Amino acid sequence: MSLGALDVIGQPLTGVRVLSMEQAVALPMTTLHMAALGAEIIRVESPTRARGNFVDQDLVRSKSRLAIDLSVEGGPDLFRQFAQEVDIVAHNYTPRVMRKFGIDYEVIKELKEDIIYLSITGFGTTGPWADRPLFGPGAEAIAGNYQLIGEPDEWPGRPGTIVYADNNCGMHALLGIIAALERRDDSGVGTYLDVSLYETAISMLGPVIAQRAAGGQLPRRLGNKDSNYAVHEVFAADGLDRWIAISVTEEQRSVFAVELNMDPEEIDSHEQLVRKIQALDAKKLSDALLSKGISAYPVSDMSDIVSSDFYWNRNHFGFMHDGHKLLPTKSTFWGGRDGFQPQNARDVGADNRELCSGLLGHTPEKIDELENRGILASGMRAVIRSRTDAATNEVRIERGELTRVDDQPSQSWLNLAKKGERRL
């Protein structure tokens, strides 16, 4: 079967238009995947607050960019005009901001009865904390995620990415959008989706909450251990900053001991196990254990990820071309497809004139007026990248903070793509 035959999702959201007043990560994550499914995403942002950042390129790809200054008289009116021409209005600002500018759900529904309105906030649009701001790390903390991460006698930890809660919330919102679109198509009824970072973060703790609700003990931090396994841990392996994660069931204990040339009783000695594995190559050990049905994998760093044959064979990576160079980009959470190449990130406000004329029927003179009044603005670059100088990297390698540095990431990715005989 060819990889192309695996593209069973296609672009079912073709024809769906979204006006998305987005910042940070949670909502951009939702609309990123909607764009991959064929939706037309109009990213609305303030020309005075918008930013261009290399790490944001994935979040703004395949989106039109409309820069409206809502603080200028006439800005909210222009937003409401656009809202009448779309299927979905979305935002991830506090409810107070939306009420302040008169673009909250009640107002937009009066203009378009079947509108689907997505509100992603910290704590929801109702309740005593409705107007409190919240970002991903705070959501993970207050939802109880951190209390379960880390060593028993150490401080609470957190996931290895600052956008764990944002990604999770964005995926939940995507499911809600799909359901709302089906409802509208079936019955003609619009939907108000009230999604919060706090509640979606709690939703990921279902088994823990259920255990406590049934009278179980308060959960505690176990590091990398798991009470259901004889061995469940990450061990240092041979080499600089190389590690291996191993999960061994009670039934696999003897097989595991044979592979390590140890007595089964020695497996319970953590010190002996650590010393034994520390002298072994992570890749060779994982291959040997996997051949016996034991789950074991080396711990990857980002260089391992971007050079992985597995991901390239799955079409997980693609490229955007900004006219000067190729910019690597990840695929969607459901995987890649043949020819995966999203549209490059647009500059802030790059589509102002086209959107105003195409959707609202504004004349060039009218658009000039909006620009002169400061309602529309543009000009900020989509991607601004600051590179680390080579001397700094050398110092970090000497300290053991880095194991290797790729000074030409785009070229390396391109070489990998060519190696896989992919046409860009």
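Cut-offs used in this document
- Residues numbered from 1 in each chain as written.
- Predicted model: local features only at pLDDT ≥ 70, side-chain atom pairs only at ≥ 80, totals over all residues.
- Heavy atoms only, no water.
- Helix = DSSP H or I, 4+ residues; strand = E, 2+ residues; numbered from the N terminus.
- Buried < 20%, exposed > 50% of the residue type's maximum accessible area, 1.4 Å probe, protein only.
- Contact = heavy atoms within 4.5 Å.
- Areas by Shrake-Rupley, 256 points an atom, 1.4 Å probe, with all protein chains shown as cover.
- Polar contact = N/O pair within 3.5 Å; in protein donor to acceptor, adjacent residues only side chain to side chain.
- Core = buried A, V, L, I, M, F, W, Y, C linked by side-chain atoms within 4.5 Å.
- Pairing = 2+ DSSP bridges.
- Axes fitted to C-alpha atoms, helices over the stretch in contact; angles between N-to-C directions.
- Parallel < 35°, antiparallel > 145°, perpendicular 65-115°, else oblique.
- Left-handed = near helix turned anticlockwise from the far one by under 90°.
- Nonpolar A, V, L, I, M, F, W, Y, C, P; charged D, E, K, R; others polar.

Engineer: Would you take a moment to explain the overall build of the chain for this structure?
Structural biologist: A count of helices and strands for the chain gives 18 helices and eleven strands. Here the chain holds 424 residues, and the buried ones make up 43% of them. Sequence-distant contacts, at least 24 apart, represent 66% of the contacts inside the chain between residues at least 6 apart. Working note: accessible area of the chain is about 22,700 Å², and carbon and sulfur atoms make up 50% of it.

Engineer: Mind showing me how you'd approach the side chain of E45 here?
Structural biologist: Mapped onto the fold, E45 is located in strand 2 (residues 40-45). Relative accessible area serves as the criterion here: at 5%, E45 is assigned to the buried category. Within the structure, E45 has its side chain in polar contact with the side chain of R43 (distance 3.1 Å).

Engineer: Sorry, what's going on with the nonpolar core here?
Structural biologist: Note on soluble globular proteins: their nonpolar side chains tend to be buried together. Core analysis: the biggest nonpolar cluster contains 30 residues, and L19, M21, L66, I68, F82 and V89 have the highest contact counts within it. Apart from the residues lying within four places of it in its own chain, the contact partners of V89 are L19, F79, A83, I108, I115, I116, Y117 and L118. L37, C169, L181 and L197 belong to the second-largest nonpolar core, a separate cluster that totals 28 residues.

Engineer: It is not clear to me how the side chain of T121 should be interpreted in this structure. Could you clarify?
Structural biologist: Among the structural elements, T121 can be located in strand 5 (residues 116-121). With a relative accessible area of 5%, T121 lands in the buried category. When residues no more than four places from it in sequence are discounted, the contact partners of T121 are H91, Y93, P95, D194, V195, S196 and L197.

Engineer: Is there a simple way to think about the sheet that holds strand 2 in this case?
Structural biologist: For sheets, the rule is that strands pair by backbone hydrogen bonds, running either parallel or antiparallel. The parallel open sheet is built from six strands, whose spatial order is 3-2-1-4-5-6. Because the sheet does not close on itself, it has two edges, and the strands there are strand 3 (64-67) and strand 6 (191-196). Strand after strand, the sheet turns through a mean of 20° between neighbouring axes, direction not considered. The strands touched by helix 1 (residues 26-36) within the sheet are strand 1 (17-21), strand 2, strand 4 (88-91) and strand 5, with strand 5 carrying the most contacts at an inclination of about 140°. The sheet contacts of helix 15 (residues 352-360) involve strand 1, strand 2 and strand 3, and relative to strand 3 the element is tilted by about 90°.

Engineer: Where do I start with helix 1 in this structure?
Structural biologist: At 3.6 residues per turn, the α-helix brings residues three or four places apart onto the same side. Most of helix 1 sits out of view: eleven of its eleven residues are buried. Along helix 1, the residues classified as buried are A26, L27, P28, M29, T30, T31, L32, H33, M34, A35 and A36. Of the residues one or two after helix 1, G38 is the one with positive phi, at around 105°.

Engineer: Sorry if this is basic, but what is going on with the environment of S247 here?
Structural biologist: Among the secondary structure elements, S247 is positioned in strand 8 (residues 243-248). Here S247 falls in the buried class, since its relative accessible area comes to 17%. For S247 and L289, which are 42 residues apart along the polypeptide, the C-alpha to C-alpha distance reads 9.9 Å. Ignoring sequence-local partners within four residues, the contact set of S247 consists of Y229, V231, H232, Q252, I294 and S295.

Engineer: Honestly, the packing of helix 15 against helix 16 (residues 364-372) in this entry has me stumped. Any pointers?
Structural biologist: For any two helices packed against each other, one specifies the inter-axial angle together with the distance between the axes. Where helix 15 meets helix 16, the closest approach of the two axes is 10 Å, and the angle between their N-to-C directions is 130°. On the basis of their axis angle, the class for helix 15 and helix 16 is oblique. Remark: the crossing between helix 15 and helix 16 carries right-handed chirality. Of the residues in helix 16, those in contact with R353, C356 and S357 of helix 15 are P364, I367, D368, L370 and E371. For the contact of helix 15 with helix 16, the per-class residue count stands at four nonpolar, one polar and three charged.

So, to be careful, I would describe these as geometric facts and stop short of saying anything about function.
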